[in-house]
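Here's the letter readout for the chains.
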Amino acid sequence: MTSTELPTPRLRPRADDAPGTGGLVDRYGRVATDLRVSLTDRCNLRCTYCMPPEGLAWLPKVEVLTDDEVARLVRIGVEQLGIREVRFTGGEPLLRPGLVGIVAAATALSPRPEVSLTTNGIGLTRVAPALAAAGLDRINVSLDTLDRGRFQQLAHRDRLADVLAGLAAAQRAGLTPVKVNAVLMRGINEIDAVPLLDFCLEHGYQLRFIEQMPLDAHHAWTRGEMVTAEDILTRLSQAHDLAPDVEERGSAPAERWLVDGGPATVGVIASVTRSFCGACDRTRLTADGQVRNCLFAREESDLRTPLREGATDEELADRWRVATLGKLPGHGIDDPSFLQPARPMSAIGG
Ligand code: SAM
Ligand code: SF4
């Protein structure tokens, strides 16, 4: 069985994955140990594949979890539900004033989870040292082009210089190896594949390309128009020798390639064309306190209401377990019946 195939579902949960005990197990036996927490749905960029140029109706402040509420749910995840990795994301997490305190609360937990951040990098020059001091283990900075005009076309803001300065600041602060996430769009920044790799090789950043997924606010994504992993690898191979990195991939979504014999690598996350749902170990918490068992889930489970009504840690943990049991075997993007989730990527947390 390959990592993307799933065993037959257990229609009735077993005692060891029933609410009340244990970790976040679904009916297919997958265990979620990697928690993605969205800290805000707001952003200072408008990347075409994620947010419309006019922005979105932001969540009302009262609906967004407070810093203490986020810290509590992360603690429950780690202490009661077996979460071992916590990644803060958004929207743009650097827009969250309490970010450093939230990171510090997560890194103080026992057992100590790995704590990481996905950001567009704008503002890192200011906050990278404090994040490092708070114990942040890893950082991913999104960068889709090195061309100022194309950056502005793609992100609808003239902020390339801030992103590049943010990357350098992360490296100076010791948040290494700094990873770079890039999404390529046909006819816009496909031509940036090789320049991005060269730039990352030169600066010691680890580059990973992510296939564009149907999570844009305009629902304009089409399978035929997306730049596939194969397209990306073909382009890169015209300038560099790529050989599969034999290191165990496990549940990591990126397939890695040694560049020009290594040790530098480039990753490709083929979420659409080579989906890895069978090995998925993720669970998600939105900025307004909803658990999503999948990026593409069409249902969410509300933790904020019970939390604010006085639920105990155990009760909240139980709700989270139940939310996990209903996880579907795969995202079904290739299925004709596939329906894009109501929220775009920026509101779910990438
Ligand atoms: N604002 C931060 C950033 O851009 O890194 C964090 C949130 S963003 C939603 C997280 C990641 O999701 C980014 O690397 C972004 O490129 C990626 N992303 C957003 N929309 C996407 C889409 N439709 N398909 C694939 N990746 C997407
Ligand atoms: Fe903002 Fe990140 Fe979405 Fe770009 S990908 S619009 S930086 S949340």
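As the structure is a computational prediction, the values presented were derived from the model and not from experiment.

Asks: So what's going on with the side chain of R321? Residues and values would help.
Replies: By secondary structure assignment, the location of R321 is in helix α9 (residues 313-325). For R321, a relative accessible area of 5% translates into the label buried.

Asks: Talk me through the site of ligand 2; I want residue IDs and the actual numbers.
Replies: Looking at ligand 2, the residues that line it are C43, L45, C47, Y49, C50, G91 and N120. The residue makeup of the shell around ligand 2, split by class, is five nonpolar, two polar and no charged.

Asks: Explain unusual backbone geometry residue by residue, including any values.
Replies: Of the consecutive residues S110 and P111, the connecting peptide bond is found in the cis state with omega at -5 degrees. Tracing the backbone through its elements, the reader meets P111 in the loop between α2 (99-107) and β5 (114-119). Cis geometry marks the peptide bond from G262 to P263, where omega comes out at 5 degrees. Along the chain, P263 falls in the loop between β10 (255-259) and β11 (265-269). Within the chain, H156 stands out as a residue other than glycine whose phi angle is a positive 60 degrees. Along the polypeptide, H156 turns up in the loop between α4 (148-155) and α5 (160-172).

Asks: Describe in detail the environment of H219, supporting the description with residues and values.
Replies: Tracing the chain through its elements places H219 in the loop between β8 (206-210) and α7 (229-237). Residue classification places H219 among the partly exposed positions, given a relative accessible area of 43%. As for H219 and Q340, which are separated by 121 residues in sequence, their C-alpha atoms are 7.5 Å apart. Filtering out sequence-adjacent residues up to four positions away, H219 remains in contact with Q340 and P341.

Asks: Please provide a residue-by-residue account of the packing of α2 against helix α3 (residues 124-133), values included.
Replies: Packing of α2 against α3 leaves a shortest axis separation of 9 Å and a crossing angle of 20 degrees. When the interaxial angle is binned, α2 and α3 end up roughly parallel. In the packing of α2 onto α3, the handedness of the crossing is right-handed. Here L99, V100 and V103 of α2 come into contact with α3, specifically with V127, A130 and L131.

Asks: Run through the side chain of N181, naming residues and quoting values.
Replies: By secondary structure assignment, the location of N181 is in strand β7 (residues 179-183). Under the relative-accessibility criterion, N181 is labelled buried at 8%. For N181, the contacting residues outside a window of four places in its chain are T118, N140, V141, S142, L143, D144, R208 and I210.

Asks: Lay out the site of ligand 1 with the relevant residues and their values.
Replies: Close contacts around ligand 1 come from 19 residues, with Y49, G91, E92, S142 and M213 the closest. One nitrogen or oxygen atom from the side chain of N181 is found 3.2 Å from an oxygen atom belonging to ligand 1. Across the complex, the protein chains shield 95% of the 540 Å² of accessible surface that ligand 1 would expose by itself. Counting residues per element, the ones that place at least two in the shell around ligand 1 are β5 and β7. Taken together, the residues of the shell around ligand 1 break down into seven nonpolar, 10 polar and two charged.

Asks: Tell me about the pairing of β10, and name the residues and values.
Replies: Along β10, the buried face is formed by E255, W257 and V259; none of R256 and L258, which line the opposite face, is buried. Bridge count between strand β9 (residues 242-244) and β10: three bridges; the pairing is antiparallel. Bridging from a neighbouring strand, L242 pairs with V259 of β10. Relative to β11, β10 is paired through four bridges, and the arrangement is antiparallel.

Asks: Run through α4, naming residues and quoting values.
Replies: For the α-helix, the turn length of 3.6 residues means that residues three or four positions removed from each other point alike. By the burial criterion, the buried members of α4 are F151, L154 and A155. Viewed along the axis of α4, the buried residues span an arc of 80 degrees, placing them on a single side of the element. Elements that come into contact with the buried residues of α4 comprise α5. One side-chain oxygen at the N-terminal end of α4 lies 3.1 Å from the backbone nitrogen of G149; it belongs to D147. Two residues or fewer after α4 comes H156, characterised by a positive phi angle close to 60 degrees.

Asks: Outline the packing of aromatic side chains, listing residues and values.
Replies: Under the counting rule described, the total for this entry stands at one aromatic pair. Between the aromatic rings of F199 and Y205, the centroid separation amounts to 5.8 Å while the plane-to-plane angle is 55 degrees, which identifies the pairing as tilted. The exposure classification of F199 matches that of Y205, with both residues buried.

Asks: Talk me through α7; I want residue IDs and the actual numbers.
Replies: Those residues of α7 that fall on the buried side of the exposure criterion are A229, I232, L233 and L236. End-on, the buried residues of α7 take up no more than an arc of 95 degrees, which puts them together on one face. Each element contacted by the buried residues of α7 is listed here: α6 (193-203), β8, β9, β10 and β11.

Reading the values: rules and limits
Residue positions are given per chain, counting from 1 as you read along its sequence in written order. By the order in which they are written, chains take letters starting at A while ligands take numbers starting at 1. Local features in this predicted model are restricted to residues whose pLDDT is 70 or higher, and side-chain atom pairs enter the listing and the counts only when it is 80 or higher, whereas totals over whole chains, interfaces and linings include all residues. Side-chain measures here rest on the full set of heavy atoms in the structure, leaving out hydrogens and waters. A run of H or I in DSSP counts as a helix once it spans at least four residues, and a run of E counts as a strand once it spans at least two, with each numbered from the N terminus. For the exposure calls, accessible area comes from a 1.4 Å probe over protein chains only, and a residue counts as buried if that area is under 20% of its type's maximum, exposed if over 50%, partly exposed in between. When we say a residue is near a molecule or strand, we mean one of its heavy atoms is within 4 Å of it. When residues are grouped by polarity, Ala, Val, Leu, Ile, Met, Phe, Trp, Tyr, Cys and Pro land in nonpolar, Asp, Glu, Lys and Arg in charged, and all others, Gly among them, in polar. Here, residues are in contact when the closest pair of their heavy atoms is within 4.5 Å. Axis definition: a line fitted to C-alpha atoms, over the contacting stretch in the case of helices. Angles run 0 to 180 degrees between N-to-C directions. In this scheme, roughly parallel covers angles under 35 degrees and roughly antiparallel covers those over 145, while 65 to 115 is roughly perpendicular and the rest are oblique. By convention, the crossing between two helices is left-handed when the near helix turns anticlockwise from the far helix through less than a right angle, and right-handed when the turn is clockwise. Counting of polar contacts relies on pairs of N or O atoms within 3.5 Å, with two restrictions inside protein: one atom must be capable of donating a hydrogen and the other of accepting it, and residues adjacent in sequence are counted only when both atoms are side-chain atoms. Reported accessibility uses the Shrake-Rupley method at a 1.4 Å probe radius. Residues are deemed covered only where the shown protein chains occlude them. In this scheme, strands are said to pair when DSSP sees at least two bridges between them. Of all possible arcs, the one meant is that of the directions from the helix axis to the C-beta atoms. Planes of paired rings set the category: under 30 degrees apart is stacked, over 60 is edge-to-face and the rest tilted, where pairs are Phe, Tyr or Trp rings (Trp by its six-membered ring) whose centres lie within 6.5 Å.

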